[in-house]
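So the chains spell out like this:
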Amino acid sequence: MALRGVWQLQKLIVSYCDWGGSSRGIRAFMETHLPTFKEKNPHLEVVTELIRGQHPHLKGLYKNHNQRVICVKNTTPEDILLHASRLRNALGRKVVKLRTRHVTKHPSVQGTWATALKF
């Protein structure tokens, strides 16, 4: 996703094994979908990395120095393309759990409004 017109994903690292069976889907992804993914995203640096004896994964490096790693063991090339596009569309921020259902700068002193009142 672009934040103020700037894509946040800088580099996508595709790690795979040329021998293992769990990398079968990512090898097919690299032959079929990866060239078109590179053409559609010229702002993105895509690097393939051969790691023998390890399960395949996608690693996204963002401008705010965060990284996300997604394991793509035994997945189809279409699912791997979906994961790569989700990495591209993400902002790279950490996931923050909300404490309440609503977020406000000035919380109510009386509490939140509810429809079920018990007298």
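Basis of the calculations
Residues numbered from 1 in each chain as written. Predicted model: local features only at pLDDT ≥ 70, side-chain atom pairs only at ≥ 80, totals over all residues. Heavy atoms only, no water. UniProt positions renumbered as here; feature names shortened; annotations may be inferred. Helix = DSSP H or I, 4+ residues; strand = E, 2+ residues; numbered from the N terminus. Contact = heavy atoms within 4.5 Å. Pairing = 2+ DSSP bridges. Axes fitted to C-alpha atoms, helices over the stretch in contact; angles between N-to-C directions. Expected span 1.5 Å × (residues − 1). Buried < 20%, exposed > 50% of the residue type's maximum accessible area, 1.4 Å probe, protein only. Arc of directions from axis to C-beta. Parallel < 35°, antiparallel > 145°, perpendicular 65-115°, else oblique.

- Looking at an unreviewed UniProt entry, one finds the chain named Large ribosomal subunit protein mL43 and attributed to Elaeis guineensis var. tenera.
- Entered under Sequence similarities (unreviewed entry) in the UniProt record, the comment concerning the chain runs "Belongs to the mitochondrion-specific ribosomal protein mL43 family."
- Quoted verbatim from the Subcellular location (unreviewed entry) field of UniProt, the annotation for the chain is "Mitochondrion".

A closer look at the side chain of serine 23
Point 1. Position of serine 23 relative to the elements: it lies in the loop between strand 3 (9-16) and helix 1 (24-32).
Point 2. Among all residues touching serine 23, those that are not within four sequence positions of it are Tyr16, Cys17, Gln54 and Pro56.

Describing the UniProt feature "domain: Ribosomal protein/NADH dehydrogenase" (unreviewed entry) in the chain
Point 1. The positions that UniProt labels "domain: Ribosomal protein/NADH dehydrogenase" (unreviewed entry) are, in the present scheme, residues 18-91.
Point 2. Here residues 18-91 is 39% helix and 23% strand, with 31 Å between the C-alpha atoms at its ends.

Comments concerning the sheet that holds strand 6 (residues 67-71)
Point 1. Spatial strand order, 4-3-5-6: four strands in an open sheet with mixed pairing. Only two strands of the sheet have a single neighbouring strand rather than two, namely strand 4 (45-50) and strand 6. Neighbour-to-neighbour, the strand axes of the sheet open up by a mean angle of 15 degrees, direction not taken into account.
Point 2. Pairing geometry for strand 3 and strand 5 (residues 57-62), over six bridges, is antiparallel. Following the sheet pairing, lysine 11 is matched in strand 5 by leucine 61.
Point 3. Its contacts with the sheet put helix 1 on strand 3, strand 4 and strand 5, and the angle it makes with strand 3 is roughly 125 degrees.
Point 4. Of the strands in this sheet, strand 3, strand 5 and strand 6 touch helix 3 (residues 77-89), which is tilted by about 15 degrees from strand 5.

A few points about helix 3
Point 1. Taking 1.5 Å per residue, 13 residues should reach 18 Å; helix 3 reaches 18 Å between its end C-alpha atoms and fits that length.
Point 2. What helix 3 keeps buried is the set Pro77, Ile80, Ala84, Ser85, Leu87 and Arg88. Buried residues of helix 3 fall within an arc of 155 degrees about the axis and therefore sit on the same side.
Point 3. Where helix 3 is buried, its residues contact strand 2 (6-7), strand 3, helix 1, helix 2 (34-40), strand 5 and strand 6.

Looking at the packing of helix 1 against helix 3
Point 1. Between helix 1 and helix 3, the shortest axis-to-axis distance is 8 Å and the interhelical angle comes to 75 degrees. The angle between the axes of helix 1 and helix 3 places the two elements in the roughly perpendicular class. Contact residues: helix 1 offers Gly25, Ile26, Ala28 and Phe29, while helix 3 offers Pro77, Ile80 and Leu81.

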